[in-house]
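Examination of the molecular architecture
Now for the letters of each chain:
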Amino acid sequence: MEAAPSATLRSMMNTKDLGSELPGRHFVLGLTGGVAAYKAAEFCRLLVNAGATVQVVMTGAACRFITPLTMQALSGRPVYVSQWDDRPANNMAHINFSREADAVIVAPASADFIAQLAQGQAGELLALLCLARPLAQVPLLVAPAMNREMWAHPATQRNLRQIAADGAHLLPVAHGGQACGETGDGRMLEAEELLEELIAFMAPKPLLGQQVVVTAGPTYEAIDPVRGITNLSSGKMGFAIARAAREAGACVTLVAGPVHLSTPRGVRRIDVDSALNMHAATIDAVQGASIFIATAAVADWRPVRAAQHKIKKEDGAGSAPQLALAENPDILAGIAHSPRAQAGDLYCVGFAAESENLQANAQAKRARKGVPLLVANIGPATFGRDDNALLLVDDEGVTELPRASKRVLARQLVAEIARRVSGGEA
Ligand code: CTP
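Position numbers for residues count from 1 along each chain, tracking the sequence in the order it is written. Local features in this predicted model are restricted to residues whose pLDDT is 70 or higher, and side-chain atom pairs enter the listing and the counts only when it is 80 or higher, whereas totals over whole chains, interfaces and linings include all residues. The basis for every side-chain value is the complete set of non-hydrogen atoms in the structure, without hydrogens or water.

1. Describing the overall build of the protein chain
- Scanning the protein chain from N- to C-terminus turns up 15 helices and 19 strands.
- Overall, the protein chain is about 85 × 50 × 40 Å in size when its C-alpha atoms are taken along their principal axes.
- A total of 426 residues make up the protein chain; the buried ones form 49% of that total.
- Carbon and sulfur atoms make up 52% of the accessible area of the protein chain, which amounts to about 20,200 Å² in all.
- One way to put it: in the protein chain the 39 positive side-chain charges average out to a point 1 Å from where the 41 negative ones average out. Secondary structure is summarised from DSSP: a helix means a run of H or I of at least four residues, a strand means a run of E of at least two, and numbering begins at the N terminus for each. Categorising residues by exposure relies on relative accessible area from a 1.4 Å probe, with only protein chains included: less than 20% of the type maximum marks a residue as buried, more than 50% marks it as exposed, and the intermediate range marks it as partly exposed. With residues, only the protein chains shown are counted as cover, and all accessible areas are computed by Shrake-Rupley using a 1.4 Å probe. Only four residue types enter the charge count, namely Lys and Arg as positive and Asp and Glu as negative; His and the chain termini do not. Working definition for charges: the position is that of NZ of Lys, CZ of Arg, CG of Asp or CD of Glu.

Next up, the structure:
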């Protein structure tokens, strides 16, 4: 009979996550002239959905590509174009907007606008407010968008170096087909990518300078060319942790079993299938790393020998093949007992997927694996879902992270790890 969940477990399973990605943040979103302006409309919508407020400022050229009306409808605020607009009581939109924003983000930023920034020109409201913004308090993010030849031109590259030296944060450009029909560098990032970059930029950086390795997902142990042993892990928690660690400033390597998830931006991903492959890739990846987080649901056993060809049913025999199994190496325990981990140079975090007695099992597993921190969750209540609840077990005792989205939990867990790694200063 299944035991009734404890009060702790019940609260972990019921609490609703009401968080969003950029709650209470305020941005100036600047649009300049370029076909990519259509992506800015979607980006604005994503910002608002993420809990931010957005003041849109457009250049005259931007208004030739997309109307202020569209941006007003999406941002829920009047759009400004001219520095002579007398709607603000003090008639100083460039001062007001640049003082109240958490950041100014120009997307798309045309070659011409980047040249204006490089020279400190202030002929239109958007350039004027970029120049007038308090440099130390209000960051400027620039998402370039232009034809590949314009992008590669020495003048553009010189201007980009100049505005970066002047304190602008340059977002990368994408490679691909361009509106002009050519293919190359200079495409503006997609709206979702802009949002991910902005979230990462705004996040606190308690893991700056750290090298983090995360394992995620299930492993797949082949029985024959078409069948194998695997489990229900989706990899979502590990991917969310990799993403959160990157947001927190770490350089992240993600060793991923077979999952259908896109790689978080800025994260190096190594795809593996079997436990043995994950073991080899992880041992390699943790050389020089400072933090190792093992979220993967590694198969404990593998068939001793995978059949070369599909195993056929013996007609009418009614018998099933006998699978001889061998134990897989314990990746986490092996690394946690390595000299670097024992010397305190590699901080190891284990996960425990349990189906009952969460705390007791977690404490026992922490001792068995030899890790300073073990994170326990209920396997059936998390596999494949977008939310989870965690129980952190370490020397300090037990810390509960109540049910929330895996993204939110991943950020909380990364903050907990950063605090422990830095000795409580994070
Ligand atoms: N782990 C690992 N290599 C393995 C098995 C597990 O690195 N061969 C890691 C997991 O990534 C996780 C932790 O060890 O961080 C615990 O995994 P879990 O499956 O909960 O525990 P097991 O060690 O397999 O023990 P059991 O199945 O008996 O609960």
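Now that the structure has been shown, we can carry on.
2. Overview of the side chain of Arg243
- Position of Arg243 relative to the elements: it lies in helix H10 (residues 236–247).
- Since its relative accessible area comes to 9%, Arg243 is described here as buried.

3. A closer look at helix H4 (residues 93–100)
- What H4 keeps buried is the set Ala93, His94, Phe97 and Ser98. The arc that holds every buried residue of H4, seen down its axis, measures 110°, which confines them to one face.
- Every residue pair with non-hydrogen atoms within 4.5 Å of one another is taken to be in contact. Against the buried residues of H4 lie strand S1 (26–31), strand S2 (53–58) and helix H6 (125–132). The arc in question is the one traced by the directions running from the helix axis out to the C-beta atoms.

4. A word on the nonpolar core
- Residues enter a nonpolar core if they are buried and are Ala, Val, Leu, Ile, Met, Phe, Trp, Tyr or Cys, with the set joined through side-chain atoms within 4.5 Å. Leu22, Leu29, Leu31, Phe43, Val56 and Met71 are the most contacted members of the largest nonpolar core, which totals 37 residues.
- For this core, the secondary-structure elements that each account for two or more residues are S1, helix H2 (37–49), S2, strand S3 (103–109), strand S4 (140–144) and helix H9 (191–202).
- With seven residues, the single largest contributor to this core is H2.
- If sequence neighbours within four positions are ignored, Leu31 has contacts with Ala37, Ala40, Val56, Val57, Met58, Thr59, Ala62, Ile66, Met71, Ala107, Pro108 and Leu126.
- Counting residues in each nonpolar core, the second largest holds 36 residues, with Ala250, Ile293, Leu373 and Leu401 among its members.

5. Re the sheet that holds strand S5 (residues 169–170)
- Sheet architecture is open: five strands sit in the order S2-S1-S3-S4-S5, paired in parallel fashion. Edge positions in the sheet fall to S2 and S5, since each of these pairs with one other strand and no more.
- Relative to S4, S3 runs parallel, the two sharing four bridges. Within S4, the position partnered with Val104 by the bridge is Leu140.
- Structural elements are reduced to axes, namely lines fitted to C-alpha atoms, with helices fitted over the stretch in contact, and the angle between N-to-C directions of any two is expressed from 0 to 180 degrees. Lying over the sheet, H6 contacts S1, S2, S3 and S4, oriented at roughly 140° with respect to S3. Strand pairing is assigned whenever DSSP identifies at least 2 bridges connecting the two strands.

6. Re the site of the ligand
- Note on definitions. A residue lies near a molecule or strand when any single heavy atom of the residue is within 4 Å of it. Residues in contact with the ligand amount to 15 residues; listed here are only the nearest, Ala294, Ala296, Phe351, Lys365 and Lys369.
- Under the rule applied, a polar contact is a pair of N or O atoms within 3.5 Å (in protein, one hydrogen donor and one hydrogen acceptor; residues adjacent in sequence only if both atoms are side-chain atoms). At 3.5 Å from an oxygen atom of the ligand is found a side-chain nitrogen or oxygen belonging to Arg368.
- Taken by itself the ligand offers 570 Å² of open surface, and the protein chains cover 80% of this.
- A pocket here means an open set of points on a 1 Å grid, computed over the protein atoms alone, that has protein on both sides within 12 Å along at least five of seven lines. A cavity is instead a set of points where a 1.4 Å probe fits but cannot get out; residues with an atom within 4 Å of a point line either one. Occupancy of a cavity or pocket is assigned to a molecule whenever over half of its atoms lie within 2 Å of that pocket's grid points. Structurally, the ligand is housed in the largest pocket.
- Within the residue set of the shell around the ligand, elements represented by two or more residues are helix H12 (331–336), strand S16 (347–354) and helix H14 (358–369).
- The dominant element in the shell around the ligand, judged by the number of residues it contributes, is S16, at four residues.
- Each residue is assigned to one of three groups, with Ala, Val, Leu, Ile, Met, Phe, Trp, Tyr, Cys and Pro labelled nonpolar, Asp, Glu, Lys and Arg labelled charged, and all others, Gly among them, labelled polar. For the shell around the ligand, the per-class residue count stands at nine nonpolar, one polar and five charged.

7. Considering the packing of aromatic side chains
- Stacked, tilted and edge-to-face are the three classes applied to pairs of Phe, Tyr and Trp rings, where Trp contributes its six-membered ring and a pair requires centres within 6.5 Å; stacked means planes under 30 degrees apart, edge-to-face means over 60, and tilted covers the rest. One pass over the structure, following the stated rule, counts one aromatic pair.
- Relative to Phe97, the ring of Tyr80 lies with its centre 4.9 Å away and its plane at 85°, an arrangement referred to as edge-to-face. Of the two residues, Tyr80 sits in the loop between helix H3 (68–75) and H4 while Phe97 sits in helix H4, which places them 17 residues apart along the sequence. Of the two residues, Tyr80 and Phe97, both sit in the buried class.
- Over a ring means this: the NZ of a Lys or the CZ of an Arg is within 6 Å of the ring centre and within 35 degrees of the ring normal. Residue placement shows Arg87 over the ring face of Tyr80; its charged tip is 4.1 Å from the ring centre.

8. Quick word on the sheet that holds strand S8 (residues 211–216)
- Taken in spatial order, the eight strands of this open sheet run S12-S11-S8-S13-S16-S17-S18-S19, and their pairing is mixed. Sheet topology places strand S12 (268–271) and strand S19 (397–405) at the edges, where each strand pairs with a single neighbour. Taken over all neighbouring pairs, the strand axes of this sheet differ in orientation by 15° on average, direction set aside.
- Sheet topology note: the S8/strand S13 (residues 291–294) ladder contains four bridges and is parallel. Counted as the bridge partner of Val212 is Ile291 from S13.
- Sitting on the sheet, helix H11 (residues 275–285) is in contact with S8, strand S11 (251–256), S12 and S13, with an inclination near 170° to S11.
- Most of the contacts of helix H15 (residues 406–421) go to S19, to which it runs at about 155°, and overall it touches S13, S16, strand S17 (373–378), strand S18 (387–394) and S19.

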